[in-house]
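Structural overview for review
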Amino acid sequence: MSFFEMRHVIVQFGGLCAVCDFSIALGAGELVGLIGPNGAGKTTVFNTITGFITPTEGDIFWQGQNIAAFPAHRVTASGIARTFQNIRLFGDMSVLENVMVSFHFSMESNFLLAMTGSSKHRGLEAEIREKSRRHLDELGLGHLASEKASTLAYGQQRRLEIARALATGPKLLLLDEPAAGMNPIETIELAALIRLIRDQYGVTVFLIEHDMKFVMGLCERIKVLDYGKSIAEGTPAEIQKDIKVIKAYLGSGYHAGG
Amino acid sequence: MSDFRGPAGAAQIQGNLTDRQKTMLNAAALLCVLGILALFNQYGSEYHVRILNNMAIFVTLAVSYNLVNGVCGILHLGPNAFVAIGAYTSALLTMSPAEKQLNFIINQLIWPLSVVQAPFALSLVAAGVMAALFAFMISFPVFRVRGDYLAIVTFGFGEVVRVLCNAAQSLTNGPLGLKNLEPYTNLWWSWGIAILTIVSITKLINSSYGRAMKAIREDETAARAMGIDPFRPLLLAFLISAFFSGIAGGLLVHLITTVSPTLFIFTLTFNLLIIIVVGGLGSTTGAVVGAMLFAWGGEALRIVENPVDLGIIVIPGIPGMRMVVFSLILMLVIIFAGHGIFGRREFNWEQLARFLSRGGKRVGSP
């Protein structure tokens, strides 16, 4: 069995088939892109993997379990983390606190220990604070630790989202349009960051992106989605030449090379 | 925090206090409060002691209500139910069987309750536990919804409890209420509970559990993606809030020595909402200050109802005038401090030290 696998996943919203018969297998340590025109169902695929949407049909295999019916928090606890297309930080909390939240689900304490301020609980809190600080330092956000998350610059907010997702300790990281709204320099930095995450943290990365230069330069394998159906899969070079992909993006009136 | 440990003065100017210093300051503040209470207990008039008791009860209620509404960002409109349940539980436990016979003239009190009697402390614990049990029961329907829907559901449960207090005559004595309770509540009880509430809830808010609650308030979807099951922190906040509200209910009825269903109408919830909004939604400091202002202001504003002698003419006192002034003050607060007095800020010694060193010595700011 592969590292992560979706088999014949169907998501229906009423009469609309948002994702129709989608299958994909990811190997450990791969860097895979998911592209497709607007409304193709890319984010729905991510929402299905992360438990925000339960698929109408199909299975999602991860770590030897079928996680298709898992609620979102259990999916995260099982080692899949994600970021959001529209940034969803805890705006009124500090950058450090944003990361510290990621350690809550794995904390072995209880509320009575917290309310009485027991030394065991304070020890755990200090440990989480220390880990979060180190984590922020590694991702180049250390100097912003005490800033309010909502006051960060756009690129930093995207970076913090990734940092926060990584802090949950995932083995598979889903990035939903990480380069959206970034300038060319920020995009180059982001690509370096994603490679670093894959190489240093040993995390498999699956990402949605519209910036073709970014996707083609970064991903080893690309899956193309159109109207909820997978229309192509291959290396960046193969995808660029695929006639179906060109049609999906540019319309059928366009003749490749013509 | 830096490793540099300068003299105390230098540390204060920089506004960095060590944990040890903060603990000392907290202890000193606690001693001050206890000293003031002892003074009032010894020399204060009955009127002043009563206001202080009221203050403490409202502080307890506001701080626990703020945990759900301010910290979790849930618009919960049923704390009057928790207070009512705590009040009746505690009252029925402290009354002597003979007193109960005298009170329940139309319907007899049901059996086990008619013969039991418990000390005040135990009755308060029971009040908290019963309120928390009720909160647990209603939490499943309540947390299936969010926003306005949740507000309506909790408001509904608040009303249900009030109506039950009226109707369940063999349990609550209906509209007649319970009279002649022992006036057990004194400054030590009321402020003891208030301080316990403040300290334990503050510790909870500053812990990982509090961060999870705030995360849900800020963005529930993101919180779920970070591995948090929203139901658990919300339930925790709800239960703890109910527990302390129930205890406050017990304190309240042993202060005024009677219980009747009219005590727990929606106005009680509404007053608590005003307190935490004026103090600053999400700020425990705000809840404390708001509750104290509310309990004291209600009495202090009686001045505006007195006749005014201007020398030439005498304006007669208008009963109810204080409510008009009260509303005016409320509007001013909302207009000039939209997020309440404290916003989401909390009191902390470091800021006080910075503030004092800047104001006193004109240093620190460039």
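Predicted, not measured: the structure shown is a model, and the values here were computed from it.

What follows deals with the overall build of chain A. Broken down by element type, chain A carries 10 helices and 10 strands. In terms of C-alpha radius of gyration, chain A reaches 20 Å, essentially the compact-globule figure of 18 Å for 258 residues. Across the 258 residues in chain A, those meeting the buried criterion constitute 54%. In chain A, 66% of the contacts between residues at least 6 apart in sequence involve partners at least 24 apart.

Right, let's talk about the nonpolar core for a bit. Counting 97 residues, the largest nonpolar core has B:Leu67, B:Leu204, B:Val259 and B:Phe264 as the members making the most contacts within it. Ranked by residue count, the leading element in this core is helix 3 (residues 46–71) of chain B, at 14 residues. Not counting the four nearest positions on each side in its chain, B:Leu204 is found in contact with A:Phe111, A:Ala114, A:Met115, B:Leu67, B:Tyr209, B:Gly210, B:Met213, B:Leu236 and B:Ile240. By size, the runner-up hydrophobic cluster in this structure holds 48 residues, among which are A:Met100, A:Leu152, A:Val205 and A:Leu207.

When the parts come together, some accessible area is lost, and that loss is often what is quoted as the size of the interface. All names here are of chain A. Parsing chain A into structural domains produces domain 1 (4–89 + 156–250) and domain 2 (90–151). Distance from the C-alpha centre of domain 1 to the C-alpha centre of domain 2: 27 Å. Contact residues are listed per partner, giving 15 residues for domain 1 and 16 residues for domain 2. The largest contributions to the domain 1 side of the interface with domain 2 come from Leu160, Arg164 and Ala167, which together make up 34% of the buried area. At the junction of domain 1 with domain 2, the criterion picks out seven residue pairs in polar contact (both at pLDDT 80 or more). Those elements that place two or more of their residues in the side of domain 1 that touches domain 2 are helix 2 (72–77), helix 6 (154–167) and helix 7 (184–201). Among the elements that line the side of domain 1 that touches domain 2, the one with the most residues is helix 6, at eight residues.

With that out of the way, let us pick up helix 11 (residues 208–218) of chain B. Here helix 11 of chain B lies mainly inside the structure; 10 of its 11 residues are buried. Restricting attention to buried positions, one finds in helix 11 of chain B the residues B:Ser208, B:Tyr209, B:Gly210, B:Arg211, B:Ala212, B:Met213, B:Lys214, B:Ala215, B:Ile216 and B:Arg217.

Strands belonging to one sheet form pairs held by backbone hydrogen bonds; the direction of such a pair is parallel or antiparallel. Residues and elements named next belong to chain A. The strand order across the open sheet built from six strands is 6-7-8-3-9-10, with neighbouring strands paired in mixed fashion. Edge positions in the sheet fall to strand 6 (80–82) and strand 10 (229–234), since each of these pairs with one other strand and no more. Each strand axis lies, on average, 20 degrees off the axis of its neighbour in the sheet, ignoring direction. As defined by bridge partners, strand 6 adjoins strand 7 (residues 172–176) across three bridges and the pair is classed as parallel. When the bridges of strand 7 are listed, Ile80 appears paired with Leu172. On top of the sheet, helix 7 reaches strand 3 (31–35), strand 7 and strand 8 (204–208); it is set at about 150 degrees to strand 8, its chief contact. The sheet strands contacting helix 10 (residues 243–250) are strand 3, strand 9 (221–226) and strand 10, and the helix crosses strand 10 at an angle near 130 degrees.

Looking at the secondary structure, you find A:Thr50 in the loop between helix 1 (42–49) and strand 4 (57–62). When neighbours within four sequence positions are excluded, A:Thr50 is seen to be in contact with A:Ala72, A:Val75, A:Ile80, A:Arg82 and A:Leu174.

Okay, the environment of A:Arg7 next. Residues and elements named next belong to chain A. The topology assignment puts Arg7 in strand 1 (residues 4–13). A C-alpha to C-alpha distance of 11 Å links Arg7 and Trp62, two positions 55 residues apart in sequence. If we ignore the near neighbours within four places in the chain, the residues touching Arg7 are Phe22, Ser23, Gly58, Asp59 and Phe61. Within polar-contact distance, the side chain of Arg7 engages the side chain of Glu5 at 3.1 Å.

Right, let's talk about the packing of helix 7 (residues 120–142) of chain B against helix 13 (residues 231–256) of chain B for a bit. Residues and elements named next belong to chain B. In the contact formed by helix 7 and helix 13, the axes pass within 7 Å of each other and the chain directions differ by 140 degrees. Note on packing geometry: the crossing formed by helix 7 with helix 13 is right-handed. For the contact of helix 7 with helix 13, the per-class residue count stands at 19 nonpolar, five polar and no charged.

A few words now on the state of the cysteines. Residues and elements named next belong to chain A. Applying the stated criterion across every chain, the model contains one disulfide over all chains. Paired by a disulfide, Cys17 and Cys20 hold their sulfur atoms 2.1 Å apart. Cys17 gets classed as partly exposed once you look at its relative accessible area, which sits at 24%.

Next up on the list: unusual backbone geometry. All names here are of chain A. A positive phi angle, close to 55 degrees, is found at Asp21, a residue other than glycine. When you line up the elements, Asp21 lands in strand 2 (residues 16–26). Residue classification places Asp21 among the partly exposed residues on the basis of a relative accessible area of 42%. A positive phi is found at Glu177, a non-glycine position, where the angle reads about 50 degrees. Tracing the backbone shows Glu177 in the loop between strand 7 and helix 7. Residue classification places Glu177 among the buried positions, given a relative accessible area of 9%.

All names here are of chain B. If you add up the space inside the second largest pocket, you get close to 690 Å³. In terms of lining residues, the second largest pocket is bounded by 26 residues, among which Asn54, Phe58, Asn271, Phe294 and Glu299 are the most central. Of all elements in the fold, only helix 3, helix 13, helix 14 (266–279), helix 15 (284–300) and helix 16 (321–336) reach the threshold of two or more residues within the lining of the second largest pocket. The leading source of residues in the lining of the second largest pocket is helix 3, at seven residues. Classifying every residue of the lining of the second largest pocket gives 16 nonpolar, six polar and four charged.

This paragraph deals with a nonpolar patch on the surface. Residue and element names in this part refer to chain B. Taken together, the side chains of Val324, Leu328, Met331, Leu332, Ile335 and Phe336 make up a nonpolar region of the molecular surface, amounting to roughly 660 Å² of accessible area. Along the chain, the position of Phe336 falls in helix 16. Judged by relative accessible area, Phe336 falls into the exposed class, the value being 69%.

Thresholds, definitions, all that
All residue numbers refer to positions counted from 1 along the written sequence of the respective chain. By the order in which they are written, chains take letters starting at A while ligands take numbers starting at 1. The model is predicted, so local features are restricted to residues of pLDDT at least 70 and side-chain atom pairs to those at 80 or more, both for listing and for counting; the totals for chains, interfaces and linings are taken over all residues. For side-chain calculations, the full set of non-hydrogen atoms in the structure is used, while hydrogens and water are omitted. What counts as a helix is a DSSP run of H or I of at least four residues, what counts as a strand is a run of E of at least two, and both are numbered from the N terminus. Here the globule rule is a power law, 2.2 Å times the number of residues to the power 0.38, and the radius of gyration is based on C-alpha atoms. Accessibility here uses a 1.4 Å probe with only protein chains present; expressed as a share of the type maximum, an area under 20% marks a residue as buried, one over 50% as exposed, and anything in between as partly exposed. In this analysis, two residues are considered to be in contact whenever any of their non-hydrogen atoms come within 4.5 Å of each other. By convention a nonpolar core is built from buried Ala, Val, Leu, Ile, Met, Phe, Trp, Tyr and Cys residues, the set being connected through side-chain atoms within 4.5 Å. Throughout the structure description, domain borders are defined by an automatic or database domain assignment. The term buried area refers to how much accessible surface (probe radius 1.4 Å) is lost by two components on association, counted for both of them together. As used in this structure description, the phrase polar contact means that two N or O atoms lie within 3.5 Å; if the pair is within protein, one of them must be able to donate a hydrogen and the other to accept it, and residues adjacent in sequence are counted only when both atoms belong to side chains. One bridge is not enough; two strands pair if DSSP finds at least two bridges between them. Convention adopted: a line fitted to C-alpha atoms gives each axis, helices being fitted over their contacting stretch, and angles between N-to-C directions are expressed from 0 to 180 degrees. A crossing counts as left-handed when the near helix is turned anticlockwise from the far one by less than a right angle, and as right-handed when that turn is clockwise. Only Asp, Glu, Lys and Arg are considered charged, only Ala, Val, Leu, Ile, Met, Phe, Trp, Tyr, Cys and Pro nonpolar, and every remaining residue, Gly among them, polar. Any cysteine sulfur atom paired with another within 2.5 Å is treated as part of a disulfide. Only protein atoms enter the 1 Å grid used here, on which a cavity is any set of points holding a 1.4 Å probe that cannot leave and a pocket is any open set flanked by protein within 12 Å on both sides along at least five of seven lines; residues with an atom within 4 Å of a point are listed as lining. Grid points are joined across faces, edges and corners, and a volume is the space filled by probe spheres set on the points. Here, patches come from residues exposed beyond 30% relative accessible area and free of salt bridges, joined within 9 Å for like charges and within 5 Å for nonpolar side chains (Val, Leu, Ile, Met, Phe, Trp, Tyr). Residue burial considers only the protein chains on display, and all accessible areas are found by Shrake-Rupley using a 1.4 Å probe. The rule for a salt bridge is simple: a side-chain nitrogen of Lys or Arg has to be within 4 Å of a carboxyl oxygen of Asp or Glu.

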